[in-house]
Structures are given as C-alpha cells and as structure tokens.
Amino acid sequence: MHLNYHFLKFLCPVLDEKFKGQKIISCFSQSKDELIFETEGEEGALWIRAHLKPPQIYLSFPDNFRRAKRNSINLFPELLEETINSCEVLSFERSFIFRLNSGKILLFKLHANRSNVLLFETDQKSPFRIFRNEISEDKNLDWKSLLVSLELTRERFDQLGGNASQFLPTLGKIPRSWLKEKGYPNLELDKKWELMEEIRDLLEAPLFALIETQEGIQLSLLPEDQAIKTFSNPIEATNELFYLALVKGNFEKEKNELLKKFQDQLKKTESYLTKATSKLEELKLSPPPSQLADIVMANLHEFRDTKQEVELFDFYSGKTVKVKLKPQQKPQDFAAQLYRKSKNRKLEWEQIEKTIQNKNQLKNELVSQIQNLNKVEEFRGLKTFKKEEVKEKSILKSPSSLPFKSFEIYGFQVWVGKSAKANDEMLRGFVHKDDLWLHARLVPGSHVVIKMKGFNNIPPMVLERAAELAAFYSKHKNESLAPVIYTEAKFVRKVKGSPDGSVKVDRENVIMVKPKGPDDSISNQK
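Counting restarts for each chain, with residues numbered from 1 along the sequence as it is written. Residue-level local features of this predicted model are given only where pLDDT is at least 70; pairs of side-chain atoms are given and counted only at 80 or more, and the full residue set underlies all totals for whole chains, interfaces and linings. The side-chain quantities take in all heavy atoms of the structure and omit both hydrogens and water.

A. Structural view of the overall build of the protein. Numbering of helices and strands runs from the N terminus, with a helix taken as a DSSP run of H or I at least four residues long and a strand as a DSSP run of E at least two residues long. Assigned secondary structure in the protein consists of eleven helices and 24 strands. Its C-alpha atoms give the protein a radius of gyration of 35 Å, more than 25% over the compact-globule value 24 Å for 526 residues. Counting only C-alpha atoms and orienting by the principal axes, one finds that the protein spans roughly 110 × 60 × 40 Å. A total of 526 residues make up the protein; the buried ones form 44% of that total. Any pair of residues with heavy atoms lying within 4.5 Å of one another is described as a contacting pair. Sequence-distant contacts, at least 24 apart, represent 57% of the contacts inside the protein between residues at least 6 apart. Exposure was quantified through the Shrake-Rupley algorithm and a 1.4 Å probe, taking into account, for residues, occlusion by the shown protein chains and nothing else. Carbon and sulfur atoms form 48% of the exposed surface of the protein, whose accessible area is close to 29400 Å². Computation of the radius of gyration draws on C-alpha atoms alone. For the globule rule, the value is 2.2 Å times the number of residues to the power 0.38. Burial classification: accessible surface area is computed with a 1.4 Å probe over protein chains only, and a residue below 20% of its type maximum counts as buried, one above 50% as exposed, and the rest as partly exposed.

Next up, the structure:
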C-alpha cells in the first residue's frame, strides 16, 4: 500500500514539513530506472530516491547518500537551485507533487509499471521533462487531470449496490482482501456499509506495518498481528520498506539464485560420481573381453564349415559360452575386435578413475563455496565472493543468456557456440587459455570448446566426440567424413574488424570424424 493514496496522504504532510525550504542542488541517475534528488537547507542534506524499475516501485528519503563516481548522469538541470515550497498529495490519486518557488511542479506518478517523475513549467499543461520517456502517454499528461473527486456517501454506496471497488477505488489489495475475509461479497447492503465504514476508519489511523506476503515485503495500514515492524512515522516506514523489499530483498534473491546454481552443480557432480563409481566397479568385476577372444582363438576349428554360432568351453570360468558371429565375419576378426575392446576398456577404466578424482575435487570445492556463500550477509560481501571464489563466470548467468549450449562427455564440459556472434562472446568472455578449441575445417560452423579445468590430458574418446559435434554444427554436417581442427584456446585470436565468428588460429591439429549430433551418449545441459 506504499503506492496507495491512503498512505500518501500521511506521507505528504510529513514530506512537506521535512523538505519545505530545502534547495535542490543535484539530480542524477545511477541506473536506468532510478532517480535521485539531493537537497540542502536548514535540515542539512536530505535526499529523495525514486526507484521506478517495474515491478519494484519504491521511494526512500535518506539523510545521506553516497553518489557513485562512475556510471552516474545528471538529469533535470532546470531543478537546480530551485527551492521546495510544499508537498501535496493529489486527491484520491496515487500521485503527489512538490511545488517549487518558481512555480514549477515536480510530479511523482506512482502508477505501478507506469510510474514516472515529470517536471511541469509554470502554468503549463504538458510536462517539460520526463524521466521515463518510454511511457509515451505521459508526454501529453496534464497533472491536474489526475485530481479525482469522490462522493463517499451512503446514498452513492446504495446506488452502486455496495460495490467496494467502484465506491472507493483507492482501497488497494490488502484492504480488499480484508473485506473479502469478512465475507463482504455475500453480506446484505447494511452490513456491507458497516464494514466499509470500519475499513475507512482503520485507514485513517496513522499506523504503518510491514508484513511478509507471498509477493514479498509489503506495507499495510491495517492492524497486523504478525507484522515484521510497525511505525507511526510514514517516512521511517517507507525507508524501511525500501531497505527490506529492495535492498535486502534483491540481495537475498541474488544470493539464493547463486546458491541454487552451486547446489544444482553439486547435485549433478554427486550423481556423476555415483554412476561413474558404479561403472568402474562393473568394469573391475566383469571379465575382460580378451578372455572371450582367447577362447575363440583356442577353438578356431569349431567354426569350420562356415558356422556362425557355436558353443565353446570357457576355460576361465569352467562353463559353456555361446559365440555368435555376424554374417561373413571370420572368428579371427571377431577375436581381434574383442582384443581392441579389451585394450580400450583399460583406457576407459583409467579415464573413469581420473574423472572421479577430478569430480571429487570439484565436489569439495562446491561444498566449500556453498558454506562460504551461506556466510555472506550483504551486497558488498556477495560482490567479493563472486570476484574471488567464482572462477567459472558462466555460473553467474542464466542458461538461456549464455552464448553456448552445454554438454557433458565422460565428465568433461563441452560448449557449442549458438551463433557467429555468440562464438565471439564465448571466446572473449568465458574461455580459458588452456581450454581446447575445435572448429570444422575451412567451413562456417560453431566454435566448440572442451573445458580443461582439473584435467591435464584429453582422452581420445572425448576429443573425437567433441569433434563430431563440431562437424555436426557446421557446413560439413551432411558429409560422411569431415576434417575438424583443434588447438589450445591460447592459439585462437580475434582479428580486429573481422566478421562475427571469424578468428585466426596460430597453431592447429586435424582430426577426421563422422558428423554426429547430440544423443543419449552425452548429457545435454543447454
């Protein structure tokens, strides 16, 4: 209800007393939707801070304010050296004005998403200056047209059939909810009138409560049993609302969003560790494919007469094993395939062990980061935390705003640029010099990056799978075999003035792969 007429009619007389005679000495903005006025006078330095970024519309009137040295712009130069004569609420309106000694009018229009600050020259109907120029209807607004006259009589109430919103449209959400809880919609007209008189009496009491609702911290003019804080001074109430809802509220929102990202990353890491540990255990306990190859080679005579399926004695386990060849496949070729698979199995075993070690280190880092983030209690500490502890800057952005799609291949993060412009952004803002960079050779395509944090070497199957993605996301997509270049990111640079996505590579290697897009063999996290 801080944007409500019933609150403003308490706030404005106090502002009138506090700011009368104060001279405006500066007016500036440090963000797109926040306007700040500095005044001086007998009360010393006083400030007016209007935060008008929808949906967070808040006012505060601090006794001190530190202007930023950078990213600050002066506005409303016509207000400088003007003296405030009075502050007045517009009748039954969510707006108030400051009258200045020259006759100018400074209007604060608090219409939710259409909130604005407008400056009117003496006796002019249209504003001379507007803060939020994107609100086109304000360019021809006559502030006097906002004045409303309401007849709050029993006769008019009866004529409207007790419709509360039509009788007193300034009520606001909290008083309307109060009426609804009292059963207002289903009452007889006399009972409705009694409740209407009661709510009007409550709104006339100069008591302001801050309450927690599903929509966040709000100001109420009604008696509240579970109020966070209560005030008799409207300036103190709106200043505390500004701090709790905007400053502290935004801090907690930003902190919790970052905390959730770390917790989600920790959950994924723990899930990977569970699956990888299970896979490693399976590899350790299951017999190597080379054992079956040994059995086949020891029984080549059983495949005479071009037999494709035979039962052989497994001299490792003492049991019988069935072997089935593909059409036209020789048993020697089948055995050779098993020997290769056994060799690759050993490499896979070693890679899983390395990845588990890396993921355990990442898990410990995440647990530490979560603990440290939970200790942060204000914006300055959060800024320091981001700078010192968040090494991977992509975690600070939402997935939809990132310039790349993200995949996981055998525990490695692999990024694929979304467009030519996104390729440049990824290379410039997110890639480390030791990361591995890939691109389809001599054709347009996405930049692909393998993140190397925590890894010293790249396993062949990871390099090959990432190269398949690079070929797939390029003009080579429909080729049966495509060349892909790869190198460390430190050997890739953008040439000034070159087209989007175009880079110069100082050193490169080439791998031939079949283009292959995302499938179930990799984890897609885009």
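Having seen the model, we can carry on.
B. Quick look at the packing of helix H6 (residues 234-285) against helix H8 (residues 331-375). The axes are straight lines fitted to the C-alpha atoms, using for helices just the contacting stretch, and the angles between their N-to-C directions are given from 0 to 180°. It is the contact of H6 with H8, at a shortest axis distance of 9 Å, that shows an interaxial angle of 155°. With respect to H8, the element H6 is oriented roughly antiparallel. In this structure, H6 crosses over H8, and the sense of that crossing is left-handed. Its residues placed into classes, the contact of H6 with H8 shows 17 nonpolar, eight polar and nine charged. Comment on the angle field: the value is read as roughly parallel under 35 degrees, roughly antiparallel over 145, roughly perpendicular from 65 to 115, and oblique elsewhere. Each crossing gets its handedness from the near helix: less than a right angle anticlockwise from the far helix is left-handed, clockwise is right-handed. Polar here means any residue other than Ala, Val, Leu, Ile, Met, Phe, Trp, Tyr, Cys and Pro, which are nonpolar, and Asp, Glu, Lys and Arg, which are charged; Gly is therefore polar.

C. Here's a closer look at the sheet that holds strand E6 (residues 84-89). Paired strands, in this sense, are two strands between which DSSP finds at least two bridges. Sheet architecture is open: five strands sit in the order E6-E7-E8-E9-E10, paired in antiparallel fashion. Strands with a single pairing partner mark the edges of an open sheet, and in this sheet they are E6 and strand E10 (129-130). Examined bridge by bridge, strand E8 (residues 105-109) and strand E9 (residues 116-120) share five bridges and lie antiparallel to one another. Opposite Leu-107, over in E9, you have Leu-118 as the bridge partner. Running over the sheet, helix H1 (residues 5-19) touches E6 and strand E7 (95-100) and is turned about 170° from E6.

D. Representation of the pairing of strand E2 (residues 34-41) within the structure. Counted residue by residue, E2 has six buried out of eight residues, so it is predominantly covered. Note that strand E1 (residues 23-31) and E2 share six bridges and pair antiparallel. Counterpart to Ser-26 in the pairing with E2 is Glu-38. Bridging between E2 and strand E3 (residues 44-53) involves eight bridges; their strand directions are antiparallel. Within E3, the residue paired with Phe-37 across the bridge is Ile-48. Between the end of E2 and the start of E3, which pair antiparallel, lie two residues.

E. Broad picture of the environment of Leu-52. Relative to the elements of secondary structure, Leu-52 occurs in strand E3. For Leu-52, a relative accessible area of 1% corresponds to the buried category. Separated by 80 residues in the primary sequence, Leu-52 and Arg-132 have C-alpha atoms spaced 8.7 Å apart. In this view, Leu-52 contacts Asp-33, Ile-57, Ser-115, Asn-116, Val-117, Phe-131 and Arg-132; residues no more than four positions away in its chain are not counted.

F. Expanded view of the pattern of salt bridges. Every case where a carboxyl oxygen of Asp or Glu lies within 4 Å of a side-chain nitrogen of Lys or Arg is listed as a salt bridge. Applying the stated criterion to the full structure yields 29 salt bridges. With its nearest N and O atoms 3.0 Å apart, the salt bridge here joins Glu-137 to Arg-114. You can see Glu-137 sitting in the loop between E10 and helix H2 (154-159) and its partner Arg-114 sitting in the loop between E8 and E9, a full 23 residues away along the chain. We classify Arg-114 as partly exposed; its relative accessible area is 37%. Glu-309 is paired through a salt bridge with Lys-322; the nearest N and O atoms lie 3.6 Å apart. Here Lys-322 lies in strand E15 (residues 319-324) and Glu-309 lies in strand E14 (residues 309-314), a separation of 13 residues in the sequence. Here Lys-322 falls in the exposed class, since its relative accessible area comes to 54%. Sharing partners across several salt bridges, the network here consists of Asp-33, Arg-132 and Glu-134.

G. Inspection of the nonpolar core at higher detail. Residues Phe-96, Phe-98, Phe-108 and Met-196 are the most contacted members of the largest nonpolar core, which totals 64 residues. At eight residues, H1 tops the list of elements feeding residues into this core. Excluding residues that lie within four positions of it along the chain, Phe-96 makes contacts with Leu-8, Cys-12, Leu-15, Leu-59, Cys-87, Glu-88, Val-89, Leu-90, Leu-106, Leu-107, Phe-108 and Leu-110. Residues Val-414, Leu-438, Tyr-473 and Ala-482 belong to the second largest nonpolar core, which totals 24 residues. In plain words, nonpolar cores are sets of buried Ala, Val, Leu, Ile, Met, Phe, Trp, Tyr and Cys residues tied together by side-chain atoms within 4.5 Å.

H. Expanded view of the side chain of His-6. One can find His-6 in helix H1. Polar contact is the term for a pair of N or O atoms within 3.5 Å; when the atoms are in protein, one must be able to donate a hydrogen and the other to accept it, and sequence-neighboring residues count only if both atoms are side-chain atoms. There is a polar contact of 2.8 Å between the side chain of His-6 and the side chain of Thr-170. With sequence-adjacent residues up to four places away left out, His-6 is seen in contact with Leu-168, Thr-170, Leu-171, Leu-203 and Leu-221.

I. Inspection of unusual backbone geometry at higher detail. Across the junction of Pro-54 and Pro-55, the peptide omega takes the value 0°, indicating a cis bond. Mapped onto the elements, Pro-55 comes out in the loop between E3 and strand E4 (56-60). Although it is not a glycine, Ala-112 sits at a positive phi angle of roughly 50°. Looking at the secondary structure, you find Ala-112 in the loop between E8 and E9.

J. A look at the pairing of strand E12 (residues 216-220). Counting buried positions along E12 yields four of five residues, so the element is predominantly enclosed. In sequence, strand E11 (residues 208-213) turns back onto E12 through a hairpin of two residues.

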